[in-house]
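# Geometric and topological summary
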Amino acid sequence: MTHDKQVALVTGGNRGIGYELVKQLSLKGFKVILASRDREMGNKAVQKLKELDLDVSCVEMDVANYESISQAAVSINDMGGPSAPRTPRQAAESILWLATIGPDGPNGGFFRDGKQIPW
Ligand SMILES: NC(=O)c1ccc[n+]([C@@H]2O[C@H](COP(=O)([O-])OP(=O)(O)OC[C@H]3O[C@@H](n4cnc5c(N)ncnc54)[C@H](OP(=O)(O)O)[C@@H]3O)[C@@H](O)[C@H]2O)c1
């Protein structure tokens, strides 16, 4: 599945800062996936945002549980697959770069291919 909108995944999105982030990103035109470790709380939060006419969907994810993260990744299938804009190898390179950037590397911004990009 392809989409024109930028997609954001927000963990802990059912309340607090996460919820507000979901709302603000959605208001800025992002398609937002609200991740919540409790499905019912996630659905309730999504329902509130849909009442504001926002484009938000829900996925269950406990970031302390690898199995839960894997299941969420499988269910968010419109970020990858055959129509993904990058190969898994290209995508992994960016993640590897960010994970190994070190304390003297750039921070406080958004990066693509090792260069800062506007958001
Ligand atoms: N609020 C502030 O002024 C402030 C300032 C600086 C830093 N922070 C930090 O920013 C973070 C969020 O703050 P907050 O005020 O939004 O906190 P919050 O209202 O307590 O919300 C925390 C969120 O994280 C979720 N969460 C906790 N453990 C999780 C897990 N294992 N997997 C997935 N989601 C999990 C919670 O889900 P459940 O609803 O299921 O518990 C909830 O959605 C905290 O680490 C806090 O220390 C907050």
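Residues numbered from 1 in each chain as written. Predicted model: local features only at pLDDT ≥ 70, side-chain atom pairs only at ≥ 80, totals over all residues.

Taken domain by domain, the chain consists of domain 1 (1-81) and domain 2 (84-114). A straight line from the C-alpha centre of domain 1 to that of domain 2 covers 22 Å. (Domains from an automatic or database assignment.)

Turning our attention to the sheet that holds strand β1 (residues 7-10). Taking strand neighbours across the sheet as the criterion, the three strands line up as β1-β2-β3 in an open arrangement whose pairing is parallel. Bordering the open sheet on either side are β1 and β3 (56-60), each of which pairs with just one other strand. On average, adjacent strands in this sheet sit at an angle of 25° to one another, irrespective of strand direction. Sheet topology places strand β2 (residues 31-36) next to β3; five bridges connect them, and they run parallel. Paired with V32 across the two strands is V56, which belongs to β3. (Pairing = 2+ DSSP bridges. Helix = DSSP H or I, 4+ residues; strand = E, 2+ residues; numbered from the N terminus. Axes fitted to C-alpha atoms, helices over the stretch in contact; angles between N-to-C directions.)

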